[in-house]
Structure formats: C-alpha cells, structure tokens
Amino acid sequence: MTLGVMSLLGFNLVDSVFVARLGTEPLAAQSFTFPLVFLSIGVQVGVGIAIAALISRAIGAGESHRAGRLGLLVLAGGGGLMALLLALLWLVQEPAFSLLGASESIRELIRPFWTVQVVASWLGALAYFGYSLFRAHGNTRFPGTMMVLTSLINLCLDPLLIFGIGPWPGLGLIGAAWASLVAFGCGALAVAWSLRGRGWLERVGAWREARASALPFAHIAGPAMISQLMPPLASMLATGLVARLGESAVAAWGLTSRLESFSIVLVLGMTMALPPWLGRCYGAGNWAEVERLMASAARMVLFWQLALGLVFALAARPLASALVASGEVRDTLTILIRFLPPSYGLLGICMLVVSASNALGWPWRAMGISFLRLFACYLPLLWLGSGLAGFTGLALGAALGNVLAGVMAWRMYRRAVAPKLAERTPDAGR
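Thresholds applied
Residues numbered from 1 in each chain as written. Predicted model: local features only at pLDDT ≥ 70, side-chain atom pairs only at ≥ 80, totals over all residues. Heavy atoms only, no water. UniProt positions renumbered as here; feature names shortened; annotations may be inferred. Core = buried A, V, L, I, M, F, W, Y, C linked by side-chain atoms within 4.5 Å. Buried < 20%, exposed > 50% of the residue type's maximum accessible area, 1.4 Å probe, protein only. Helix = DSSP H or I, 4+ residues; strand = E, 2+ residues; numbered from the N terminus. Contact = heavy atoms within 4.5 Å. Salt bridge = Lys/Arg side-chain N within 4 Å of Asp/Glu carboxyl O. Expected span 1.5 Å × (residues − 1). Axes fitted to C-alpha atoms, helices over the stretch in contact; angles between N-to-C directions. Parallel < 35°, antiparallel > 145°, perpendicular 65-115°, else oblique. Left-handed = near helix turned anticlockwise from the far one by under 90°. Nonpolar A, V, L, I, M, F, W, Y, C, P; charged D, E, K, R; others polar. Phe/Tyr/Trp six-rings, centres within 6.5 Å; stacked < 30°, edge-to-face > 60°.

Looking at an unreviewed UniProt entry, one finds the protein named MATE efflux family protein, with Alcanivorax xiamenensis as its source organism. UniProt annotates the protein under Subcellular location (unreviewed entry) with the comment "Cell inner membrane".

**Quick look at the nonpolar core**
Grouped together as the largest cluster of nonpolar side chains are 64 residues, with contacts concentrated most on Trp-253, Leu-278, Val-290, Met-294, Ile-369 and Leu-382. Mapped onto this core, the elements with two or more residues apiece are helix H8 (206-243), helix H9 (247-263), helix H10 (265-284), helix H11 (287-314), helix H12 (316-323), helix H13 (327-339), helix H14 (344-359) and helix H15 (363-429). Excluding anything up to four places from it in sequence, Met-294 contacts Leu-274, Leu-278, Leu-352, Val-353, Ala-356, Trp-410 and Tyr-413.

**Digging into the pattern of salt bridges**
Inspection of the entire model under this criterion finds 7 salt bridges. For Glu-94, the salt bridge is made with Arg-107, and the minimal N-O distance between the two is 3.2 Å. With Glu-94 in helix H4 (residues 93-99) and Arg-107 in helix H5 (residues 104-136), this residue pair connects regions lying 13 residues apart in the sequence. Across the pair Arg-107 and Glu-104 runs a salt bridge whose closest N-O atoms are separated by 2.7 Å. Placement of both Arg-107 and Glu-104 in helix H5 is noted, with a separation of 3 residues, approximately one turn of the helix. Salt bridges linked by common partners bring Glu-94, Glu-104, Arg-107 and Arg-111 together as one network.

**Structural notes on H14**
Its 16 residues give H14 an end-to-end C-alpha distance of 23 Å, which sits within 8% of 22 Å, the value for a rise of 1.5 Å per residue. Once H14 finishes, Gly-361 follows within two positions and takes phi at roughly 80 degrees, a positive value.

**What to know about the packing of helix H3 (residues 64-91) against H5**
Contact pair H3 / H5: the axes reach a minimum separation of 10 Å and the direction vectors enclose 160 degrees. Relative to H5, the element H3 lies roughly antiparallel. Here H3 runs over H5; the crossing is right-handed. Packed against H3, whose contacting residues are Gly-71, Leu-75, Gly-78, Gly-79, Met-82, Ala-83, Leu-86, Leu-89 and Trp-90, the element H5 presents Trp-114, Thr-115, Val-118, Ser-121, Trp-122, Ala-125, Leu-126, Phe-129, Gly-130 and Leu-133 at the interface. Along the lines of polarity and charge, the residues of the contact of H3 with H5 split into 13 nonpolar, 6 polar and no charged.

**Observations concerning H11**
Over its 28 residues, H11 extends 40 Å from the first C-alpha to the last, a length consistent with the 40 Å expected when each residue adds 1.5 Å. Along H11, the positions that sit buried rather than exposed are Trp-287, Val-290, Glu-291, Leu-293, Met-294, Ala-297, Ala-298, Val-301, Gln-305, Leu-308, Gly-309 and Phe-312.

**What about the packing of aromatic side chains?**
Evaluated as defined, the whole model comprises 6 aromatic pairs. Relative to Phe-129, the ring of Tyr-128 has its centre 6.5 Å away and its plane inclined at 65 degrees; by these criteria the two rings are edge-to-face. You can call Tyr-128 buried: its relative accessible area is 11%. Note on Phe-129: relative accessible area 0%, which makes it buried. Their ring planes at 35 degrees and their centres at 5.1 Å tell us that Phe-371 and Phe-375 sit as a pair that is tilted. In this pair, Phe-371 and Phe-375 both sit in helix H15, 4 residues apart, roughly one turn of the helix. The class of Phe-371 is partly exposed, set by a relative accessible area of 43%. Counting every residue linked through ring pairs, the aromatic cluster contains Phe-134, Phe-142 and Trp-200.

The following block contains the structure:
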C-alpha cells in the first residue's frame, strides 16, 4: 500500500515534468487546473473515507449482507456524485479560470485539456472508490498494486502522447490528459473485473439500505470532505507568508513541500490501510484491539520519521545542493530541511489520529483536529516565527507547529478512547 501511495504522489509530478518541456504557457495552463482538481479530490477522499468506515464496521459486526448493500450504494452513489460535481466544474470553467487569473491565451489551451481531464478525474474517482471497497474488506495489496500499475501506464504514455513518436508530432498538453484518462480507465476496469464473484455487492434491499444509511454516510463523509479542503486553504495562506520573504523563499518552500510528500509516505500508507481494521474493531466493540493497533502504529510512525528526519537534517546541505543549483535558494532550502523533517513524526501522529477518528465514529472530532492543527498550531507559529526571526524563525515555527499538533491530537485521542476502554474492563474480568 505504501508503494502505491508513493507512486500516486508521483503521478501529477510526472505529468508536470513532461509538460514543462512544452514551454511556460502549457505548464501554466495545467497549473491553473490544479485548484479545481484538488476540490474534486477532496470530495472523492471524503466519500472514500466513509466507504471504508461504514463497510468495515458492518463486517466487524458480522453484517455481511449489509456490507454488500453498502458496497453497491457507495459505488453507484459516489460515481453519480462525482459526475455531477465534475460536470459543474466543466460548465463554470470560464469564470473560474478567469477568477484565478488565467489570460485568454491560457484559457484557450485549458479548454480542450480540461474537457479530457474532467473525464479522467471521474474515472480516477471510480477506481479510488473501488480501492476503498477493497481496503474496507481488508485487502490492501490490490489497491496498492493498481496504484503502481496505473502510475506506470501514465509514465509510459505521457512522452508518447505529449511529444509523439516518429513522424507523429503528438498531442501536446492535451496528451497529458489522455494519458491520465487511459491510466485511470485501466484502473477502473481492473476494479470492475476484480469485484466479479466476490459477493461484495448486493442489490437486494439496496433502496431500503440507502434510506437507513444516508444520514450515517453524510455524518462521516461531510466532515471528512471539509477536512480534506482545509490543507489547500492553509497552503495558500502559508505561501502568502513565505512570499513576503522573497522569491527564493517561495522556491525553497515549494521544494520542501514536494520533499515532505515523499518523506511521509509511510504515514500516508498507514492512514489508508489502518482505518478498515479499526472499523472492524469498532463494529465488534473491541476497544482493546483499537488501543493496541493505534499504539503500534504511533510508535512505528514516530520512530521511523524521527530517524529519517535526523538523517535529512544531518545531510541538509548536500541534499539541498542535489535538488537546486541556485545559491540563495539552496541556502534557504538547507534551513528548511534542518528544521522540518525531524518534526514529521509528530505530524504523522496527528494524521493517524485524524484518520482513526473517522474510522471510529468520531468524524467531527477528526475535522476539529484538522482545523486546530492548521489554524491553531501551524499557521500561527509560522506567522510568529517569520515575524521574529525571518526565514529561520519561519522554519522553526513550522516545525514547532507540527510538534504541537501531534501532541494535541494524541492527547485528544487518549481522552476519547479512555472511557471506551473503561467500559470494557469489567467485561474482561468476568
């Protein structure tokens, strides 16, 4: 699963690397579509979290037929919801991209690209919902394998469709969208084929189940979607703070963000793989097992990320030199690498608690922790540090924000789970 997440993180990066060779305007055109793509991904991930939570709970409670009905409903309903959302994003593209600042010449490049990209995003959402269904049933190997394969398909098709082969000149920017469409389409077809004969989808009683489960589904999916939309907003605000320190600071900040995505890949993999198991324990009322799983996951994340962060900090100068040639950007990046990666262990703890809270029936607590992490811990310390000590203070403030968020999240988890464990203690002694 971790390898799958890593390959998925490189999906858009690979597209951008190839598109950058076409020139500044095509790269700018693709970049203007990212906010709308991230909006659709936020909804998609929220639905995926609800899928894994509800179905894994039904399995844990021994309700296999209900799990099958839920599986059918979330695939059909999620696919319909994403179709409506993406159709809306296609219809409002002109005012949306104008508002983002795209010129007429850039919008001319965006129009054909966005049409294909919208279809690709819908197929990607269907594949993702299917992966969530497999994870809910405890199968993380298939989703991870398919993430790797679809990324490899995209990697192979990008240069062919963008630049062409032999006498064929290729499709340019729109070729990147077609590569994504084919890759996601292969993933969706593989999911459909693999679901055949498993008994995970059941039509009998589906409408009755839809009425009974609509409120619990919205109760999980709504806060999860809001939580997924918070990081892009916080990122925009953070970039605004960094921009006051100059262009080299912005460049170094962007490189650090990409480095962060790959350095916390273990955390991201665990936030996807752990919830189905926690959901089963929740359904069975086995809070002692929940505690064991969370403690083991927290120790693994904390020690691995701390060790990796210390290696990064010690190798900050050569690592920064390998990533960028500009002297000023390199010096700024070195400061960031020295401070931020060692703090990713506590950031990982916070991410684990948010993911677990959704699986354990605490979606509003998960949303609250996400809000507090970004807007009570991270951004205030980032702002305070930049005002007191320039860029070094900004880096230190960001690191302290991650540490404070991790401590806060773990304490909130412990307070929430303690009464559940106390309730089970008398039963265990009989």
